[in-house]
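Next come the chains, spelled out residue by residue.
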Amino acid sequence: MFSIGPAKNDHQVAIRVAAGVFLPLITLVLLGRLDLAIFASFGAFTGIYGRNEPHRTRIVTQIRAGLLMLAVILAGTLTARLSPGDVISPWTIVVGTTVVAWGCTVIVGHWRLRPAGSLFHIFAYAAIASVPHQPPLGQAMLAAALTVLVAVLIGMASRVVPSRRTPLTWAGVRSAWRVRLAAHERHALWLESVGYLVAASVAGTIATIVGQALGFGHNYWAMVAAVVPLVGHTTRHRVARGLQRILGTVVGLAILALIVAVRPEAWVMVVLIALCQFGAEMLIARQYFLAQVCVTPLALLSTLLVVHINPLDLLHDRFIDTAIGAVVGVAVVLAPDAWRRWIHWRSREEQLEW
């Protein structure tokens, strides 16, 4: 739960990703266009992919990741624009996000992108769809597309240092572009996508019902938290991720409370977002609890940068939705094993009866 794995040049990845989110956001602050910040923030997620891959593979990975993220961003903003009265129903969020959770998991799996799964796409679609008073569509997508381009260029920036270059040829890029899955891999991917669909839909439904009864929102945070335990090689590891998500959120919310208490300026918030992104990438592959401590203020500062809302409401909603989602995600992880045990027990009972 609290051990820290060895570093594997994590600082290089962290610098790339932090720069990829800082440069677009500080540009928007200087231009006075914070209404576009959320589109740039999610476009910057492109830099998370291709973490330690050679350049010929990284450029393919990041182009694919960027195009998929742009499609998700477009779907999110169109969903918001097509909602009557510029107010989106929480049930629309649940349905749309569930479709994204399933579809993006399939695409990411077929492309063998890492990180696997659709966590970032769930977050991007639902967060953008929930933003009222959307900016002009062309400007929004331009901000996202330029940020994706910046992330890809930063991913290739190390080539200016001869000792850091890895082979990058047209033949190598074409080879990296071709991905073929074996039959057993396609079967495993289908099962994984079903897990994402079930976890997202159940968590979103519970969060919406409970939220409407108790008066809190942001149901998609539960959907994001629900898919966190689905990533891992063992059931033990997956359950640990769910618990670490909750514990990390609690500590991260305490840190965020201290930050919002001083009411920082927009440029200070951008610096803090970049620092949190750096910390998250430094720790995400080594210690998920500590990474989550960075991710929580990162996500909420990005929201506060765009939407004027009471920070206390965000703290309250984040904790409850995260707890709901993590519990649902752990239940989805444990369900197959519990089902197999029950079937085995039933078969033994029937044999004893005979």
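Computed from a predicted structure; not experimentally measured.

Chemist: In this structure, what is going on with the packing of helix H3 (residues 55–81) against helix H4 (residues 90–111)? I would like to understand it.
Modeler: The angle between the axes and the distance between the axes are what describe a pair of packed helices. The interhelical angle for the contact between H3 and H4, taken along N-to-C directions, is 170°, at an axis separation of 12 Å. Taken as axis vectors, H3 and H4 run roughly antiparallel relative to one another. Crossing hand, H3 versus H4: right-handed. On the side of H3, the interface is formed by Arg-64, Leu-68, Val-72 and Thr-79, while H4 contributes Thr-92, Val-100, Cys-104, Ile-107, Val-108 and Trp-111. Considered class by class, the residues forming the contact of H3 with H4 number seven nonpolar, two polar and one charged.

Chemist: Is there a simple way to explain the packing of aromatic side chains in this structure?
Modeler: Given two aromatic rings, one states the distance between the centres and the angle between the planes to describe the pair. Scanning all chains against the criterion turns up six aromatic pairs. Among the aromatic residues, those joined into a cluster by ring pairs are Phe-42, Phe-45, Tyr-49, Phe-120, Phe-123, Tyr-220 and Trp-221. We note Arg-64 situated over the ring of Trp-177; from NZ or CZ to the ring centre the distance is 4.3 Å. Its end group placed over the ring of Trp-221, Arg-318 keeps NZ or CZ at 5.3 Å from the ring centre.

Chemist: Any chance you could explain the nonpolar core here in plain terms?
Modeler: Nonpolar side chains tend to gather and get buried jointly when the protein is soluble and globular. Ranked by size, the top nonpolar core spans 90 residues in total, and within it Ile-38, Phe-42, Ile-73 and Phe-123 carry the most contacts. The greatest single-element share of this core, amounting to ten residues, is contributed by helix H5 (residues 119–129). Of all hydrophobic cores here, the second largest spans five residues; its members include Ala-280, Leu-283, Ala-291 and Cys-294.

Chemist: Honestly, the side chain of Thr-46 in this entry has me stumped. Any pointers?
Modeler: Locating Thr-46 in the fold gives a position in the loop between helix H2 (37–43) and H3. Residue classification places Thr-46 among the buried positions, given a relative accessible area of 1%. At a separation of 2.9 Å, a polar atom in the side chain of Thr-46 contacts the main-chain carbonyl oxygen of Gly-43. Those residues in contact with Thr-46 that lie beyond four places of it in its chain are Gln-62, Gly-66, Val-148, Ala-151 and Val-152.

Chemist: Could you clarify how one ought to interpret helix H6 (residues 137–156) in this entry?
Modeler: Note: α-helices contain 3.6 residues per turn, so residues at a spacing of three or four share the same orientation. Here H6 spans 29 Å end to end across 20 residues, near enough to the 28 Å set by a 1.5 Å rise per residue. For H6, every residue scored as buried is listed here: Ala-140, Met-141, Ala-143, Ala-144, Thr-147, Val-148, Ala-151, Val-152, Ile-154, Gly-155 and Met-156. In the core, the buried residues of H6 are packed alongside helix H1 (10–31), H2 and H3.

Conventions we followed
Residues numbered from 1 in each chain as written. Predicted model: local features only at pLDDT ≥ 70, side-chain atom pairs only at ≥ 80, totals over all residues. Heavy atoms only, no water. Axes fitted to C-alpha atoms, helices over the stretch in contact; angles between N-to-C directions. Helix = DSSP H or I, 4+ residues; strand = E, 2+ residues; numbered from the N terminus. Parallel < 35°, antiparallel > 145°, perpendicular 65-115°, else oblique. Left-handed = near helix turned anticlockwise from the far one by under 90°. Contact = heavy atoms within 4.5 Å. Nonpolar A, V, L, I, M, F, W, Y, C, P; charged D, E, K, R; others polar. Phe/Tyr/Trp six-rings, centres within 6.5 Å; stacked < 30°, edge-to-face > 60°. Lys NZ or Arg CZ within 6 Å of the ring centre and 35° of its normal. Core = buried A, V, L, I, M, F, W, Y, C linked by side-chain atoms within 4.5 Å. Buried < 20%, exposed > 50% of the residue type's maximum accessible area, 1.4 Å probe, protein only. Polar contact = N/O pair within 3.5 Å; in protein donor to acceptor, adjacent residues only side chain to side chain. Expected span 1.5 Å × (residues − 1).

Worth remembering: the numbers are spatial, not functional.
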